[in-house]
Amino acid sequence: LKEFEVEFPQTPTNQDVFHGSKAIKALLLEKNRSIKDLTKLPIMEAPEQLAILGLLQRIISVSYVAAPNLWGLLLCEMVKFSIQHGNAPASISGYAAYGLALAGIVYDMEHGPERQEYANDSYDFGKLALEMVGILDNAKPYETSASHIFHGCISPWKDPLRETLTPLLKTY
């Protein structure tokens with residue numbers, strides 16, 4: 001990733017992840033876009049950009065276990081990269097997992113209400129991931145993961161649990 005000028009701190013902290021999420025909010029404001037508007041981004045086609053996003057997507061699972069703060073930063077980078085360069089099927093993984101990460105920020109008992117502003121963003125990024133499955137070509141392989149993350153981990157915080165069961169059974 002360094003070859004593509006994508007770099008991360010040696011030892012990422014919770015604060016780094018929080019600043020990464022703030023940078024996404026700032027980027028959306030700068031580009032005058034809502035999370036829903038991200039469905040209208042152009043399709044990412046440049047091979048180098050697709051390679052960068054693909055690399056980020058491939059290492060998010062490992063980083064979740066090995067270095068959770070790095071995981072959060074990778075997700076922030078995937079979302080920022082998609083906002084800046086357009087959508088690709090791998091963007092779906094970034095949007096869904098970023099929604100999950102925001103749910104963790106929102107429901108962080110240590111910080112409670114001061115981070116409630118992220119509750120709607122968490123839900124909206126999860127929904128965005130599901131919508132992108134129907135918009136992008138070759139996105140079907142990402143549907144199961146996006147649905148599991150949204151219906152199993154994000155929407156139960158907002159929607160009645162009975163509304164999550166049918167989509168989860170479909171995903172199964």
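Residues numbered from 1 in each chain as written. Predicted model: local features only at pLDDT ≥ 70, side-chain atom pairs only at ≥ 80, totals over all residues. Heavy atoms only, no water.

*Asks:* So what exactly am I meant to see when it comes to unusual backbone geometry here?
*Replies:* For residues that are not glycine, phi is negative in most cases, and the peptide bond is trans in most cases. Even without glycine at this site, Asn 32 takes up a positive phi of about 55°. Structurally, Asn 32 can be placed in the loop between helix H1 (14–30) and helix H2 (47–66). Although it is not a glycine, Asn 138 sits at a positive phi angle of roughly 60°. Structurally, Asn 138 can be placed in the loop between helix H5 (118–135) and helix H6 (143–154). (Helix = DSSP H or I, 4+ residues; strand = E, 2+ residues; numbered from the N terminus.)

*Asks:* Before we go on, may I ask you to explain helix H3 (residues 68–85) in this structure?
*Replies:* Residues that lie three or four places apart on an α-helix share one face, since the helix turns once every 3.6 residues. Under the 1.5 Å per step criterion, the end-to-end length of H3 is 26 Å for 18 residues, consistent within 8% with the ideal 26 Å. When H3 is considered as a whole, its buried residues turn out to be Trp 71, Gly 72, Leu 73, Leu 74, Leu 75, Cys 76, Glu 77, Met 78, Val 79, Phe 81, Ser 82 and Ile 83. Two residues or fewer past H3, Gly 86 is found with a positive phi of approximately 105°. (Expected span 1.5 Å × (residues − 1). Buried < 20%, exposed > 50% of the residue type's maximum accessible area, 1.4 Å probe, protein only.)

*Asks:* Is there a simple way to explain the packing of aromatic side chains in this structure?
*Replies:* A ring pair, where both rings are aromatic, is described by two values, the distance of the centres and the angle of the planes. Counting across every chain of the model gives four aromatic pairs. An angle of 90° between the planes, with centres 4.9 Å apart, marks the rings of Tyr 98 and Phe 125 as edge-to-face. A residue pair is termed long-range when its members are at least 10 positions apart, and Tyr 98 in helix H4 (residues 89–106) and Phe 125 in helix H5 qualify at 27 residues. Like Phe 125, Tyr 98 is buried. Where Tyr 123 meets Phe 150, the ring centres are 5.1 Å apart and the plane angle is 65°; that geometry is what we call edge-to-face. Here Tyr 123 is found in helix H5, whereas its partner Phe 150 is found in helix H6, with 27 residues between them in sequence. Residue Tyr 123 shares its accessibility class with Phe 150, and that shared class is buried. (Phe/Tyr/Trp six-rings, centres within 6.5 Å; stacked < 30°, edge-to-face > 60°.)

*Asks:* How should I be thinking about the nonpolar core in this particular structure?
*Replies:* General note: in soluble globular proteins, nonpolar side chains tend to be found buried as a group. If you look at the biggest cluster of nonpolar residues, it comprises 43 residues, and the most contacted ones within it are Ile 24, Leu 38, Ile 92, Tyr 95, Tyr 98 and Phe 125. For this core, the elements supplying multiple residues, two or more each, are H1, H2, H3, H4, H5 and H6. Apart from residues no more than four positions distant in its own chain, Phe 125 is found in contact with Ile 24, Ile 35, Leu 38, Val 79, Tyr 95, Ala 96, Tyr 98, Gly 99 and Leu 102. (Core = buried A, V, L, I, M, F, W, Y, C linked by side-chain atoms within 4.5 Å. Contact = heavy atoms within 4.5 Å.)

*Asks:* Whenever I open this one, the confidence of the model for the chain confuses me. Can you help?
*Replies:* Any segment with low pLDDT has predicted coordinates that should not be analysed in fine detail. The predicted model of the chain has a mean per-residue pLDDT of 89, with 92% of residues at 70 or higher. Within the chain, no element has a lower average pLDDT than helix H7 (residues 162–171), which sits at 86, and none a higher one than H3, at 95. (pLDDT = per-residue confidence, 0-100.)

*Asks:* What should I look at first to understand the packing of H1 against H5 in this one?
*Replies:* Each packed pair of helices is defined by two parameters, the angle between the axes and the distance between the axes. The geometry of H1 relative to H5 is characterised by a closest axis approach of 13 Å and an angle of 75° between their N-to-C directions. What the angle tells us is that H1 and H5 run roughly perpendicular. Listed contacts from H5 to Phe 18, Ser 21, Lys 22, Ile 24 and Lys 25 of H1 are Tyr 118, Asp 121 and Phe 125. Class assignment for the residues of the contact of H1 with H5 results in four nonpolar, one polar and three charged. (Axes fitted to C-alpha atoms, helices over the stretch in contact; angles between N-to-C directions. Parallel < 35°, antiparallel > 145°, perpendicular 65-115°, else oblique. Nonpolar A, V, L, I, M, F, W, Y, C, P; charged D, E, K, R; others polar.)

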